[in-house]
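# Fold and geometry: a report
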Amino acid sequence: MATVLQENVASTLRDGDNPKVAITGMYLALGNAQVEIEQKVKTIYQVDEKTGRLTDKKVDEVKELGKARDGLGIESSSVADLGEDTITGAVRSVLGLCFQYNLNLNDVRHFFFASETPDDGSKANTIDIAAEVNKASKELLAAGIDIGMLKPQTAIHNQSACVAGVADLADMALRGINGKALIVTSDNAKYQLGASADTTGGFGSVAVLVEPADTVKSGIFLSSKAVGRESRSISDFLKPVEDVINEKNGTAIINKYPIVFGEYSEAAYLLLTYRAARASMIEGGRSIEDMKFIIENMVLVPHMPYPTMPKKILSYYIRHRARSDPSLKESLSAQIKDKDGKLIAEPFLAGFNNLERTLKFIVDVEGYVVKLRSTMESFERSREVLSEKIIHEKERKIQNCIEYVSGVIVKELEDVIGSYGLSGKMLLEVQSTIKRLQTMHNDSNTLEDVCEAFGSYGDARGAGRSGILGLIKEFRLADKEYNKKLQDTAEYKQMYKALHIGVVSEYGKKVGNIYTGSTFMALMSYLGNNVDGFDREIWLSGFGSGSESYSIRGKAINPEPLATNIKQNFWVEFTQQKKLTAPEYEAIRCSEKVPDANGKGIELMVSRFLGHTKTNIKKLTEFAASLKPDSSLKNNLRKPAAKAINYA
C-alpha cells in the first residue's frame with residue numbers, strides 16, 4: 001500500500017501539479033563563533049514587572065536553562081564574530097554553494113537576497129553581495145579556480161521579517177524562471193542583550209539554488225499549484241521607526257532590537273500558519289482534514305523561531321482536525337486526564353467552542369493592547385537619547401491622540417460583539433471595556449489607561465487577572481496544560497514521528513533562529529538527518545511577523561546527492577566554530593574592542609569582508625576541496641570527507 005501511495009504522490013507532483021522549479025542546491029554558512037545555551041543563560045537578567053526594563057539582577061540560571069533547553073529546545077547558537085555581518089554571511093554561503101555544487105556564477109540569471117537585518121535600510125544589499133562575491137571570484141581565478149562572475153539579469157532585495165526568502169520561492173514556484181536563480185537569506189537575529197528572548201537568536205545564511213524543473217533530474221520539485229498564503233496586519237513583532245528627531249537633517253531612531261509580545265506572536269503564528277497550510281492543500285486538490293493522507297505521505301518543514309515550535313503546530317492541527325472527526329475527538333478525550341485520572345475537556349476562550357475562532361479573536365482584540373504597548377515601549381527605548389524638548393513634544397502628540405484612539409477602538413469593539421456573536425462573560429467584559437474607553441479624555445488619560453481598560457493578565461501564573469486580558473490569560477494557562485497532555489496521546493506521537501518533526505528540528509537546536517533562513521535550514525535538517533528515505537511529500541511553511549505566511553508543497557526526486565552535500569556542509573560549518581564563554585559573548589555583542597591574548601585589544605570590523613577577499617587563496621582552495629561530495633559519507637556529523645578549513 002505504501003509503495004502505491006508513494007508512486008501516486010510522485011506522479012502528482014511531477015505531472016498534475018506541473019512543477020516549474022526545483023531546489024537543486026543549498027549551502028548553510030554559520031558564524032565563526034558559537035555559544036552553548038549553558039553559557040548564554042549566564043547573560044540573562046530579570047525584568048522589572050512594572051517598567052518592563054531589565055534590572056541588574058541575574059535570573060535563576062537553573063530555571064532559565066530549563067526554559068531554554070527543555071522548553072524551547074535550544075542547545076547552542078551561531079554567533080557573528082568580529083567583522084561578520086549579513087553581507088559576509090551571504091557571500092560565504094554563495095561561495096560554499098559554488099564549491100560544493102560546482103556552480104558557475106555566469107549561469108545565474110536571477111539573484112534574490114532576503115533579510116530582516118540588512119546592512120542598510122535603503123540600499124539594495126544585492127549590490128554589495130555581488131561585488132564581494134566577484135572580488136573573491138577574481139582572486140580564485142588568479143589561482144586557477146574559475147567559478148564565474150555573479151552578474152544576474154535581475155537582482156532583488158526583499159526585506160521583511162522571516163518570510164522573505166520563502167515568499168521569493170513561492171513566486172518562483174507559481175511563475176517559473178528562465179534560467180538558474182539564487183535565493184540568499186542572511187540574518188543576524190539579535191535581541192536585546194540580557195533579555196530572555198536573546199536565548200533564541202542565531203546568525204547564519206542559506207544560499208539556495210533554484211532551477212527550471214524541466215532542466216534537472218534531481219532536487220526538491222515544487223508544485224506550481226499547491227501554494228497557499230495568508231496575511232493580516234498585526235503588531236506582533238516590530239522594529240518601528242521613531243518620529244523624526246531633527247526636522248532639518250532628518251535624523252530618526254530605528255529600533256534595532258525587536259519589540260516582542262511572545263504569546264500574542266505565537267497566536268498569530270499558529271493561526272496564519274494553519275490557514276496558509278489549509279490553502280495549499282485546497283489548491284493542490286486535497287483537504288487539510290485528510291489526516292490519513294498527511295500521516296502516510298507528508299513531512300512538515302516549518303519556520304522555527306525556536307525548535308519546539310513545530311510541536312505546537314502539530315498539537316493545534318490535531319485539535320483543529322478533532323472538531324470535525326468525532327472518533328478522533330472521542331479518542332483524545334479518553335486519553336487526556338489530570339493527575340487524578342479525571343478527564344480534561346479541551347479549553348476554549350470564554351464564550352467560544354472553536355479553536356480557530358478563539359485564536360482569531362485573540363489576534364483581533366488583544367492586538368489593540370499590543371499595538372499601544374509597542375508604541376509605549378518604542379518611546380521608552382528612545383527616551384534616553386532624546387532631548388527634553390523632543391520628549392515633551394512626543395508626549396504631547398501621544399496625549400493628543402488618546403481620545404481618538406479610544407474612540408476608534410470603541411467602534412471596532414462594537415463591531416466585534418456582532419461579528420463573533422459574543423455572549424456570557426466575554427460579552428460583559430467587552431461591554432465593560434467599551435464603557436471605560438468612552439469616558440477617556442486626552443487631558444486626563446494615557447495610553448497605559450487605554451490598555452488597562454482591557455484588564456490585566458495578572459502575574460506569571462495568572463493571579464490577579466481581570467477583564468478581557470484576564471479571560472485570555474485563563475485560556476492560555478489551560479491551553480498550555482492541555483497541549484502537554486495531548487502530546488502524550490497515541491495520535492500525537494504517531495503524527496510527530498510520521499511528519500519527521502524531530503528530524504526537521506535538529507539543525508535549529510544547534511544554530512538558533514536565523515529569521516529568513518530558518519525554513520530553509522529546517523529543510524536542510526530533514527535532508528541531512530533523515531534515515532528513513534525521501535519518499536514523502538515536503539510541506540514547506542514560511543511565516544513572517546507583521547504578519548504573512550506561505551505554504552508550499554513539493555517532492556524530493558533523487559535527492560541523495562543533495563542530502564550528502566548537506567551533511568558535509570553542516571559538519572564543516574558547525575565543527576569549525578570557536579566556542580565562546582558568557583563574558584566573551586557579551587564582549588562581542590557590546591564592545592568595539594575585545595581583549596586579545598596579550599590584553600592589547602583588536603579593532604572590530606578591520607575589513608567589512610574580513611577573512612574573505614583578503615584570505616590566503618590556499619585556504620580557499622583547501623576549503624573547496626573539503627566540500628567535494630563523498631559517497632562514503634554515512635553518519636551525520638561524525639566523519640568529514642576531507643579536513644575542513646574554515647576560511648573565515
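A short tour of the structure in this document, coming up. Predicted, not measured: the structure shown is a model, and the values here were computed from it. (Residues numbered from 1 in each chain as written. Predicted model: local features only at pLDDT ≥ 70, side-chain atom pairs only at ≥ 80, totals over all residues. Heavy atoms only, no water.)

## Section: the overall build of the protein
Tallying secondary structure elements over the protein gives 22 helices and 19 strands in all. Classification of the 648 residues of the protein by burial places 55% in the buried group. Sequence-distant contacts, at least 24 apart, represent 78% of the contacts inside the protein between residues at least 6 apart. Surface summary for the protein: the accessible area is close to 27,900 Å², and the carbon and sulfur share equals 50%. (Helix = DSSP H or I, 4+ residues; strand = E, 2+ residues; numbered from the N terminus. Buried < 20%, exposed > 50% of the residue type's maximum accessible area, 1.4 Å probe, protein only. Contact = heavy atoms within 4.5 Å. Areas by Shrake-Rupley, 256 points an atom, 1.4 Å probe, with all protein chains shown as cover.)

## Some remarks on the layout of surface pockets
Empty pockets left among the atoms are what a rolling probe the size of a water molecule brings to light. For the second largest pocket, the calculated volume is near 1,200 Å³. The wall of the second largest pocket is formed by 49 residues, among which Thr 117, Pro 118, Asn 188, Lys 190 and Lys 256 lie closest to the centre. Where the lining of the second largest pocket is concerned, the elements lending two or more residues are strand 5 (76-79), strand 11 (237-238) and helix 21 (582-590). With 4 residues, the single largest contributor to the lining of the second largest pocket is helix 21. Broken down by class, the residue content of the lining of the second largest pocket amounts to 19 nonpolar, 16 polar and 14 charged. (1 Å grid on protein atoms, 1.4 Å probe; cavity = no way out; pocket = protein on both sides within 12 Å on 5 of 7 lines; lining within 4 Å. Points joined across faces, edges and corners; volume = space filled by probe spheres on them. Nonpolar A, V, L, I, M, F, W, Y, C, P; charged D, E, K, R; others polar.)

## Some points on the packing of aromatic side chains
This model, assessed by the stated rule, comprises 10 aromatic pairs. Ring plane angle 40° and centroid distance 6.3 Å describe the contact between Tyr 368 and Phe 454, whose orientation is recorded as tilted. Here Tyr 368 is found in helix 11 (residues 355-383), whereas its partner Phe 454 is found in the loop between helix 15 (447-452) and strand 14 (455-456), with 86 residues between them in sequence. You can call Tyr 368 buried: its relative accessible area is 15%. On the accessibility criterion, Phe 454 (0% relative accessible area) is buried. Seen from their ring centres, Tyr 526 and Phe 534 are 5.9 Å apart, and the 90° between their planes marks the pair as edge-to-face. Classification of Phe 534 as buried rests on a relative accessible area of 14%. (Phe/Tyr/Trp six-rings, centres within 6.5 Å; stacked < 30°, edge-to-face > 60°.)

## Overview of the sheet that holds strand 9 (residues 203-212)
Sheet strands associate in pairs through backbone hydrogen bonding, adopting either a parallel or an antiparallel arrangement. Strand order in this open sheet of 9 strands is 7-6-8-9-1-10-16-15-13, and the pairing throughout is mixed. Across the chains shown, the open sheet's two edge strands, defined by having one partner strand only, are strand 7 (154-159) and strand 13 (298-302). The mean angle between the axes of side-by-side strands here comes to 25°, regardless of whether they run parallel or antiparallel. Each of strand 1 (21-30), strand 6 (108-115), strand 8 (180-188) and strand 9 touches helix 4 (residues 86-101); the most contacted strand, strand 1, lies at about 125° to it. The strands touched by helix 5 (residues 125-142) within the sheet are strand 6 and strand 7, with strand 6 carrying the most contacts at an inclination of about 120°. (Pairing = 2+ DSSP bridges. Axes fitted to C-alpha atoms, helices over the stretch in contact; angles between N-to-C directions.)

## Looking at unusual backbone geometry
One non-glycine residue, Cys 162, lies in positive phi territory at about 70°. Even without being glycine, His 500 reaches a positive phi, approximately 60°. Relative to the helices and strands, His 500 resides in the loop between helix 17 (490-498) and helix 18 (501-511). What makes His 500 buried here is its relative accessible area of 7%.

## Considering empty space enclosed by the protein
Counted under the stated rule, the structure contains 5 cavities of 30 Å³ or more. Each pocket or cavity is described by its volume, and for the largest cavity that value is around 190 Å³. Together, 16 residues line the largest cavity, and Tyr 274, Ala 277, Leu 300, Ile 313 and Tyr 317 are the ones closest to its centre. Going through the elements one at a time, helix 7 (262-283), helix 9 (309-322) and strand 15 (537-544) are the ones with two or more residues in the lining of the largest cavity.

## Thoughts on the environment of Ile 434
Tracing the chain through its elements places Ile 434 in helix 14 (residues 424-438). Along the primary structure Ile 434 and Val 410 are separated by 24 residues, whereas in three dimensions their C-alpha atoms are 5.5 Å apart. Excluding residues that lie within four positions of it along the chain, Ile 434 makes contacts with Val 410, Leu 413, Glu 414 and Ile 417.

## Some details on the side chain of Asn 134
By secondary structure assignment, the location of Asn 134 is in helix 5. With relative accessibility at 10%, the residue Asn 134 sits in the buried group. Here Leu 150 takes part through its backbone nitrogen, which lies 2.7 Å from a polar atom of the side chain of Asn 134. Excluding residues within four positions of it along the chain, Asn 134 makes contact with Met 149 and Leu 150. (Polar contact = N/O pair within 3.5 Å; in protein donor to acceptor, adjacent residues only side chain to side chain.)

## What about helix 17?
Of the residues making up helix 17, those classed as buried are Glu 491, Tyr 492, Met 495 and Ala 498. Taken down its axis, helix 17 places every buried residue within 135° of arc, on the same side. Where helix 17 is buried, its residues contact helix 8 (291-297), strand 13, helix 9, helix 10 (326-335) and helix 16 (467-486). Positive phi shows up at His 500, right after helix 17, with a value of about 60°. (Arc of directions from axis to C-beta.)

## Describing the pattern of salt bridges
One pass over the full model with this rule turns up 33 salt bridges. The partner of Lys 123 in a salt bridge is Asp 128, and the shortest N-O contact between them spans 3.1 Å. For Lys 123, a relative accessible area of 40% puts it in the partly exposed group. Linking Asp 325 and Arg 321 is a salt bridge whose minimum nitrogen-to-oxygen distance equals 3.6 Å. Owing to a relative accessible area of 17%, Asp 325 belongs among the buried residues under this scheme. Arg 321 sits in the buried class, given a relative accessible area of 13%. Counted as one network, the salt bridges with shared partners bring together Glu 230, Arg 275, Arg 278, Arg 323 and Glu 356. (Salt bridge = Lys/Arg side-chain N within 4 Å of Asp/Glu carboxyl O.)

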